[in-house]
Amino acid sequence: MPISRRDLLKGAASGGLLLASGLPTSANATMSTKLPPNAVGLLYDATLCIGCKSCVVNCKTKNCEPGGALYQEGMTKPPYETKGPGNSGQWDETQELTGKTLSVIKVYKNGTCQTKDAEVNGYSFFKQQCMHCITPACASVCPGGAFRKDPDNGSVYYIASKCIGCRYCQLACPFGLPRYEWDRAWPEVRKCQLCRHRTTKGGITACAEFCPTGATIFGRVTDLREEAQRRLALKPGDEYQFPIQTVHSRDRQPRKVAKYVPKVYGLTEVGGTQNILLSGVSFEHLGFRPYLKNQALPELTWHYIAKIPWVFAGVFIGGTAIYKITHRKEGDKP
Amino acid sequence: METDAFSAVREQLGGISRRDFIKFCTVLAAGLGLPLGAGEQIAQAVVSARRPPVIWLSFQECTGCVESLLRSNHPSLEHLILDLISLDYSETLSAASGHQAEAAKAASIQENKGKFILVVDGAIPTKDKGIYCKIGGKTALEILNETAPHAGAIIAMGSCASWGGVAAAGSNPTEAKGIPELLPGKKVVTIPGCPPNPYNLLSTVLYYLTFNKLPELDEKGRPKFAYGRIIHENCERRPHFDAGRFAMQFGDEMHRRGGCLYKLGCKGPETYANCPSIGFGETGVGTWPVGVGHPCFGCSEKGVGFNTPLYTLANVKDLTPPVFFSEAFPNTPGVSSGIKSLAMGAGGLVVGAAGAAVLTGMGKKDEGENEKDSSHKEG
Amino acid sequence: MMDLTNYIGPKYNDFVQKLMDDRQTKYLGIKLITPFTLVLVALIAAAVVVALYRLAFGIGAASNLSDAWPWGLWISFDVLGGVCMAAGGFLIAGAVYIMGLEKYHCVARAAILNAFFGYLLAAISICMDIGRSVVIWKALISSQINSIMFIVAIHVVLYTSTLATESSPMFFEKVGWDGARNKVSRCMVGVALFGVLLSLLHQSSLGAVYLIAPGKLSPIWYSQWIPYCFLLSAIMLGLSMVSFETILTGKVWNHPPPRDVLSGLGRGTLIAGILYFALKVYILLDTPGLVNMVFDGGFLGNMYLLEMAVGVVLPIVLLSFKAVRNNIHRLFAVDILVISGVLLNRLNVGIFGVQEFATRSGGDYFPSAMEWTLTLGMIAFAILGFKLCAKYLNLFPQHH
């Protein structure tokens, strides 16, 4: 049967609409592979960390303020992890990142655990939280646009009102960091947001502010990278004045430099991250998978998406052609 | 304990009842970590006829350690020196002085060779043959070397005597040294602290008198019952450390609420002592520096006290990660059990369905196989 | 059917009478109240209860999903499996309306309806699986073109509407709305073209969902070609499902299956299978070390070999024989092989292929009873729905 004029127009209109929407507009912060102009982040030095968990406690407390990542209207106290035996809700046993905990200290243990930052018969602490990738996979895959990368300071933040709860971000994140509120009927995805509610007012992240040893420091990513390289260039046993709270802080702590793994994690992995790490034990022991390449992950999907308009065009043209050919022989039989 | 022996000294003990006396000895035994029944032994030793002689030498000291002893209540000082021991020489407490005191010391050493307890407080300068501390015309070094070989037990009281203390601080201009360093090869009990809790000394002395041997000591000569654990492990503010509640400045909110003083430079994490357990001055729980709000400065620990700046962060020593940390990366190999079961199930279903399909379907003959079904015209 | 004029008025009564008139399909011998139907109804009822519980108490309460395992049975089986099982709809519609292969017209209605139910199954499962079901429409308006999920969402919504449009003629015909029916029939070509376009895109997009996770999805399944693998396996499965469902309705109802259609479907499955197999072999050889990984006797290698053997290799071998393609019992057996194999492939990609990341991080997953209930209930819904439509709508038009 012949294509009616009506459905030809219908097909063209909808095809055109989708074609137009398929045109690449990757000039937004989410897909950019460059460090934003005022990119800030954290440098975590595992050799300075003493596992006091001040960062965990203060992260939770400060993010329960209005604008914070854990804030909910009407909350009277921070959300505690209370699932363990004997916990009557009076204390917070943070063991793992969850919908209630944005940052956690974990430990690497080996053998007798005698020597700090030793891979064999030693132990090391590890601060786990969102890495704030330069090209975040979570933001690129979110169908609702709930995860956004700030074009100025680069923090990857969350807009709950846009979230549909599909958890694609959990699959996409190469570090497995976004966590979900499984136990709520109206759940949110939770992860560190670099204390946006404090940094936009000129402050620094809570974890950096309350870290007593300077294991976590806040600053511009370019400065943090320099500081990290500076530390790697020192000899183990040298004394160094480690800054506390921020990378340019005057408040310093004299300490002997430990033996680092000669690598700063986060310079290039998955296209680079704004939070970088130094450690005395290999990063694999801390859970960073060795197979992660230096390519920004959203590019892998974009290769496919960029082809979609061509598919539209191809099928539309090809299909119409086939139809014409197969139906020309039959004349105008309905 | 024989009734006669006790009644003989009852008067001297201030009329204390036998029951109370045994109670005191039991409490003391408990403080030493000794088993039940040891109290009796101690009581026996105390009321035995002869009071054991003690010679107390003082060198580069501030007298703080003696002052600390003066603050003990059980036994009170007068009971101690009048009834329990024979303090044959003490520069602070002797009524006599000068040649009389020195003569009494020489006589006691002569009489009690191999039996007296030598307690030393203060460090000994060694520069220029030790002339920077002289008593009665003799250098401290000479006095020590005259006295120590004849002692039954040597106890270094206080940090100065144990490892040099404040006397050896900074550039150590007099080359002050602790007693163990000057008596190599001899067993010296050290009771470090500035000052140490007097009961650490008293318990050690009474233990020796009771059992005729010294309590278990660590490699630095410190009795393990008092110096076996770091302060950080016994501190009443440890939960605040574990939960990250730190005082950031003197007088801030967390300081007023009793938060952990690590950030203010507390050296508890690298200092061995029992201060949080027994406190000072017997006025209740929390009567020790951290308890009243000032960080510990590691007074008993060589290399920490009088060495590391007061408000510098401590090296957290021997921190075995408590079980409250979860593993950074369990790296569990293989396949988890739930997934394995699911895979077995799914795989089994597939194999089963496939097998059943092939076995039942492939052999069947289809009657209409070669018929062309013509009723499929467009409708 | 009793006269409801007194309750709902003559116009609506007329509508209901026409809808519920099953004289046309009496020859099929469909009995509504059978033990099997009762089981289906029970499953659907249980699934409704689970759905309400899940809406009230959250996903964590109803499933064993966790942060280590954010996607499980509902995504892998209901959504991935449901969508690929429904691929038959666009293939038959394309064959009939675009390519003019009229011999498939007799299975078109059933295939399209089947696809419609498949998509309803997938769409409802997605709504159940996401945490904030009522705001699912937000995914459609966000213009997040970087996100495959956004593309999939738009396509699924459009395609379900397309399928509804393609299914509507039999409904309009039943209730006598000839004007509507004519309008739709005239657009059928355009609609079918649109449907082909959308289907090609989102069958492959479901594979593209995993492009972002190169380390998490095992290299045995992960490659840049995964969208095409999904598409080709969906075509295989779609054609097999149409064949399976045609033969099955022939077995349980009095509906003689059209043999040349079936052998044509068999040929189509064979061609799709050969292409799919060729692509898989290319991927195996092109990725260094992959051959060793697949044949090393490990868990994932074995699952892959099982899926390929049952779903691809064996069917290709069997279908290459005319004696198989012309024998409906043998075709039925091969259809079962393809269905099991391709569904296993979706489970492999969705669950087993991503297990290593989760296991090494200390996680574990086995679907909860409620997850099974909802899945089975959704399948029961599709089957019962199809049965009801077969009874009350004219699914097999050549027999009037």
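Every value quoted in this text rests on a predicted model; they were computed, and no experiment measured them. (Residues numbered from 1 in each chain as written. Chains lettered and ligands numbered in written order. Predicted model: local features only at pLDDT ≥ 70, side-chain atom pairs only at ≥ 80, totals over all residues.)

## Things to note about the overall build of chain A
Thought 1: In terms of regular secondary structure, chain A is built from 9 helices and 12 strands.
Thought 2: Residue burial in chain A is summarised as follows: out of 334 residues, 51% are buried.
Thought 3: Intrachain contacts of chain A at a sequence separation of at least 6 include 61% that bridge at least 24 residues. (Helix = DSSP H or I, 4+ residues; strand = E, 2+ residues; numbered from the N terminus. Buried ≥ 20, exposed ≤ 12 C-beta atoms within 10 Å, placed from the backbone. Contact = placed C-beta atoms within 7 Å.)

## Some remarks on the overall build of chain B
Thought 1: What chain B contains, in helices and strands, is 16 helices and 9 strands.
Thought 2: Relative to the 2.2 N^0.38 estimate, which gives 21 Å for 379 residues, the radius of gyration of chain B is 35 Å and therefore markedly larger than a compact globule would have.
Thought 3: Principal-axis analysis of the C-alpha atoms places the extent of chain B at approximately 140 × 55 × 45 Å.
Thought 4: Out of the 379 residues belonging to chain B, those deemed buried represent 40%.
Thought 5: Considering only contacts in chain B between residues 6 or more positions apart, those separated by 24 or more positions represent 69%. (Rg over C-alpha atoms; globule rule 2.2 N^0.38 Å.)

## A closer look at the interface of chain C and chain A
The figure often quoted for interface size is the accessible area lost as the parts come together.
Thought 1: With 53 residues of chain C at the contact, the number on the chain A side is 64 residues.
Thought 2: At the level of elements, helix 2 (35-57), helix 3 (59-62), helix 7 (138-141), helix 8 (148-175) and helix 9 (178-208) of chain C are the ones that each hand at least two residues to the side of chain C that touches chain A.
Thought 3: Sort the elements by how many residues they give to the side of chain C that touches chain A and helix 9 of chain C lands first, with 11 residues.
Thought 4: For the side of chain C that touches chain A, the residue count by class is 34 nonpolar, 14 polar and 5 charged. (Nonpolar A, V, L, I, M, F, W, Y, C, P; charged D, E, K, R; others polar.)

## Looking at the sheet that holds strand 7 (residues 153-157) of chain B
All names here are of chain B.
Thought 1: One open sheet holds the 5 strands; their spatial order is 2-1-3-7-9, and the pairing between them is parallel. With partners counted over all chains shown, the strands left at the sheet margins are strand 2 (86-90) and strand 9 (188-191), one partner each. Across the sheet, the mean angle separating the axes of adjacent strands is 20° when strand polarity is ignored.
Thought 2: Bridge count between strand 7 and strand 9: 4 bridges; the pairing is parallel. Looking at the pairing, alanine 156 lines up with threonine 190 of strand 9. (Pairing = 2+ DSSP bridges. Axes fitted to C-alpha atoms, helices over the stretch in contact; angles between N-to-C directions.)

## Examining the sheet that holds strand 3 (residues 115-116) of chain A
All names here are of chain A.
Thought 1: Read from one edge to the other, the open sheet built from 3 strands follows the order 2-4-3, with strand pairing classed as mixed. Single-partner strands in this sheet number two, and they are strand 2 (104-109) and strand 3.
Thought 2: Where strand 3 meets strand 4 (residues 122-128), 2 bridges bridge the pair, whose relative direction is parallel. Paired with threonine 115 across the bridge in strand 4 is glycine 122.

## Focus: the environment of arginine 109 of chain C
All names here are of chain C.
Thought 1: Note that arginine 109 resides in helix 6 (residues 105-129).
Thought 2: Taking the number of C-beta atoms within 10 Å as the measure of exposure, arginine 109 has 22 and is therefore buried.
Thought 3: In this structure arginine 109 touches Met170, Leu395 and Pro397, once residues within four positions along its chain are discounted.

## A closer look at the packing of helix 11 (residues 259-286) of chain C against helix 13 (residues 299-319) of chain C
All names here are of chain C.
Thought 1: With their axes 9 Å apart at the nearest point, helix 11 and helix 13 run at an angle of 130° to one another. With respect to helix 13, the axis of helix 11 lies oblique. The way helix 11 lies across helix 13 gives a crossing that is left-handed. Facing Gly266, Thr269, Leu270, Gly273, Ile274, Tyr276, Phe277 and Lys280 of helix 11, the residues of helix 13 in contact are Met308, Val312, Val313, Pro315, Ile316 and Leu319.
Thought 2: Of the residues in the contact of helix 11 with helix 13, the class split is 10 nonpolar, 3 polar and 1 charged. (Parallel < 35°, antiparallel > 145°, perpendicular 65-115°, else oblique. Left-handed = near helix turned anticlockwise from the far one by under 90°.)

## Description of the interface of chain B and chain C
Thought 1: Across the boundary between the two partners, chain B contributes 33 residues, which contact 39 residues of chain C.
Thought 2: Each residue belonging to the side of chain B that touches chain C can be placed in one class, and the counts come to 12 nonpolar, 13 polar and 8 charged.

## Focus on the domain arrangement of chain B
All names here are of chain B.
Thought 1: According to the domain assignment, chain B consists of domain 1 (1-49), domain 2 (50-227) and domain 3 (229-327).
Thought 2: The straight-line distance from the C-alpha centre of domain 2 to that of domain 3 is 29 Å.
Thought 3: Each partner contributes to the interface: domain 2 provides 16 residues, whereas domain 3 provides 14 residues.
Thought 4: Among the secondary structure elements, those contributing two or more residues to the side of domain 2 that touches domain 3 are helix 8 (158-163) and helix 11 (224-227).
Thought 5: Class assignment for the residues of the side of domain 2 that touches domain 3 results in 9 nonpolar, 5 polar and 2 charged. (Domains from an automatic or database assignment.)

## Some points on unusual backbone geometry
Thought 1: In this model, cysteine 194 of chain B is joined to proline 195 of chain B through a cis peptide bond whose omega is -10°.
Thought 2: In this structure, proline 195 of chain B sits in the loop between strand 9 and helix 10 (198-211).
Thought 3: Phi at glutamine 245 of chain A is positive, roughly 75°, even though this residue is not glycine.
Thought 4: With a phi angle near 50°, asparagine 331 of chain B is a residue other than glycine that sits in the positive phi range.

## What about the packing of helix 11 of chain C against helix 15 (residues 328-350) of chain C?
Two quantities define a packed helix pair, namely the angle between the axes and the distance from one axis to the other.
Residues and elements named next belong to chain C.
Thought 1: Relative orientation of the contacting elements helix 11 and helix 15 amounts to 35°, with a least axis distance of 11 Å. Two packed elements cross with a definite hand, and for helix 11 against helix 15 that hand is left-handed. Here helix 11 contributes Arg259, Leu262, Gly266 and Thr269 to the contact with helix 15, which in turn contributes Ile328, Leu331 and Val338.
Thought 2: Tallied by class, the residues present in the contact of helix 11 with helix 15 amount to 4 nonpolar, 2 polar and 1 charged.

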